[in-house]
Amino acid sequence: AQSVTQPDIHITVSEGASLELRCNYSYGATPYLFWYVQSPGQGLQLLLKYFSGDTLVQGIKGFEAEFKRSQSSFNLRKPSVHWSDAAEYFCALRYGNKLVFGAGTILRVKS
Amino acid sequence: DAGVIQSPRHEVTEMGQEVTLRCKPISGHDYLFWYRQTMMRGLELLIYFNNNVPIDDSGMPEDRFSAKMPNASFSTLKIQPSEPRDSAVYFCASSPVGLHEQYFGPGTRLTVT
């Protein structure tokens with residue numbers, strides 16, 4: 001069955017440090033994958049998406065993600081985190097017309 | 001474009017009352033989705049529409065929940081009667097045909113006391 005796993009519930013990084021949020025998926029076909037960000041009290045905003053082609057995709061706000069089929073992963077990265085990046089991040093898999101979301105990772109940024 | 005619009009942003013009601021949540025999708029989008037977000041269950045898809053027609057309502061928790069889309073620019077999610085366990089944030093999202101990502105509204109935070 002299709003599923004998305006985000007192993008880390010919380011992550012804390014220092015401002016200026018690099019960030020990697022993990023996402024693993026289970027799906028029998030080529031996946032369409034997404035990362036969304038949710039700031040407190042806000043809706044979800046699309047950061048980036050992968051459909052095919054280049055396995056390293058660039059998104060908004062300086063984020064990137066790498067699709068690794070052999071590891072069933074789609075990890076989100078940012079080279080230097082800003083305090084405004086503190087939010088909850090969701091990885092999602094498209095299944096038919098639906099999105100299947102991971103449980104989310106809460107990012108805390110310490111100064 | 002104004003994005004997906006949801007109203008109200010916050011709703012507090014007493015158990016047993018009827019609650020109606022509203023959504024205006026992005027103009028031109030053919031798909032509309034209703035989600036519920038809770039701490040325990042995360043983001044769950046409740047129902048989605050294509051061209052105003054409900055396609056999959058398998059996520060609707062029980063008969064107390066109903067959703068309609070009378071036209072391309074408006075949808076409602078109704079809970080009658082409401083219960084405390086319905087307390088959650090309800091999101092509406094829309095998507096155009098041929099595009100895979102969904103665009104989310106700001107959500108309605110529902111509290112049932």
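A brief report on the enclosed structure follows. As the structure is a prediction and not an experimental result, all values here were calculated from the model.

Focus: the pairing of strand β5 (residues 42-50) of chain B
Residues and elements named next belong to chain B.
Thought 1: Of all the nine residues making up β5, eight are buried; the element is thus mostly covered by neighbouring parts of the structure.
Thought 2: Where strand β4 (residues 31-38) folds back on β5, the antiparallel hairpin that results is connected by three residues.
Thought 3: Summarising the sheet, β5 and strand β6 (residues 53-56) pair through three bridges and their orientation is antiparallel. Looking at β6, one finds that Phe49 is bridged to Pro54.
Thought 4: Here β5 hands over to β6 after two residues, with Asn51 in that stretch at a positive phi of 50 degrees.

Observations concerning the layout of surface pockets
Thought 1: What the largest pocket holds in volume is close to 700 Å³.
Thought 2: Together, 34 residues line the largest pocket, and A:Gln38, A:Glu88, A:Phe90, B:Gln37 and B:Met39 are the ones closest to its centre.
Thought 3: Among the elements that make up the lining of the largest pocket, the one with the highest residue count is strand β11 (residues 108-112) of chain B (four residues).
Thought 4: For the lining of the largest pocket, the per-class residue count stands at 15 nonpolar, 15 polar and four charged.
Thought 5: Quantified by volume, the second largest pocket comes out at close to 210 Å³.
Thought 6: Secondary-structure elements contributing two or more residues to the lining of the second largest pocket are β5 (32-38) and β6 (44-50) of chain A together with β10 (103-104) of chain B.
Thought 7: By residue class, the composition of the lining of the second largest pocket is eight nonpolar, seven polar and one charged.

What about the state of the cysteines?
The bond known as a disulfide is covalent and runs between the sulfur atoms of two cysteines.
Residue and element names in this part refer to chain A.
Thought 1: Counted by the stated rule, this structure contains two disulfides over all chains.
Thought 2: At a sulfur-sulfur separation of 2.0 Å, the disulfide partner of Cys23 is Cys91. Torsion about the S-S bond of the Cys23 and Cys91 cystine: about -65 degrees, corresponding to left-handed handedness. Of this pair, Cys23 sits in the loop between β3 (19-21) and β4 (24-26) while Cys91 is found in strand β10 (residues 87-95), placing the two residues 68 residues apart along the sequence. Grouping residues by exposure puts Cys23 and Cys91 together as buried.

Examining the sheet that holds strand β3 (residues 19-24) of chain B
All names here are of chain B.
Thought 1: If you trace the four strands from one edge of the open sheet to the other, you get β1-β3-β8-β7, paired in antiparallel fashion. Since the sheet does not close on itself, it has two edges, and those belong to β1 (5-7) and β7 (65-71), each with one partner. Strand-to-strand twist of the sheet, defined as the mean angle between neighbouring strand axes without regard to direction, takes the value 15 degrees.
Thought 2: As paired elements, β1 and β3 share three bridges and run antiparallel to each other.

Description of the environment of B:Val4
All names here are of chain B.
Thought 1: Mapped onto the fold, Val4 is located in the segment before β1.
Thought 2: On the basis of relative accessible area, Val4 is assigned to the buried category, the value being 8%.
Thought 3: Sequence separation between Val4 and Pro25 is 21 residues, and the spatial gap between their C-alpha atoms is 4.7 Å.

What to know about the interface of chain A and chain B
Thought 1: Facing the 17 residues of chain A at the interface are 18 residues of chain B.
Thought 2: Buried area between chain A and chain B, both sides added, is near 1,500 Å², and the carbon and sulfur share of it is 56%.
Thought 3: Three residues stand out in chain A for area buried against chain B, namely A:Leu44, A:Asn97 and A:Lys98, and they jointly supply 35% of the buried area on that side.
Thought 4: Seen at the junction of chain A and chain B, the total is two salt bridges.
Thought 5: Here B:Glu101 makes a salt bridge to A:Lys49, at a shortest N to O gap of 2.7 Å.
Thought 6: On the surface where chain A and chain B come into contact, there are six residue pairs in polar contact (both at pLDDT 80 or more).
Thought 7: Put simply, the parts of the chain that give the side of chain A that touches chain B at least two residues each are β5, β6, β10 and β11 (98-101) of chain A.

Looking at unusual backbone geometry
Residue and element names in this part refer to chain B.
Thought 1: Following Ser7, the chain continues into Pro8 via a peptide bond in cis, with omega recorded as -10 degrees.
Thought 2: Within the fold, Pro8 resides in the loop between β1 and β2 (10-13).
Thought 3: Look at the link from Gln80 to Pro81: it is a cis peptide, with omega at -10 degrees.
Thought 4: Relative to the helices and strands, Pro81 resides in the loop between β8 (74-79) and β9 (88-95).
Thought 5: Positive phi, normally seen in glycine, also occurs at Asn51, with a value near 50 degrees.

Calculation criteria
Residues numbered from 1 in each chain as written. Chains lettered and ligands numbered in written order. Predicted model: local features only at pLDDT ≥ 70, side-chain atom pairs only at ≥ 80, totals over all residues. Heavy atoms only, no water. Buried < 20%, exposed > 50% of the residue type's maximum accessible area, 1.4 Å probe, protein only. Helix = DSSP H or I, 4+ residues; strand = E, 2+ residues; numbered from the N terminus. Pairing = 2+ DSSP bridges. 1 Å grid on protein atoms, 1.4 Å probe; cavity = no way out; pocket = protein on both sides within 12 Å on 5 of 7 lines; lining within 4 Å. Points joined across faces, edges and corners; volume = space filled by probe spheres on them. Nonpolar A, V, L, I, M, F, W, Y, C, P; charged D, E, K, R; others polar. Disulfide = S-S within 2.5 Å. Axes fitted to C-alpha atoms, helices over the stretch in contact; angles between N-to-C directions. Contact = heavy atoms within 4.5 Å. Buried area = accessible area lost by both parts, 1.4 Å probe. Salt bridge = Lys/Arg side-chain N within 4 Å of Asp/Glu carboxyl O. Polar contact = N/O pair within 3.5 Å; in protein donor to acceptor, adjacent residues only side chain to side chain.

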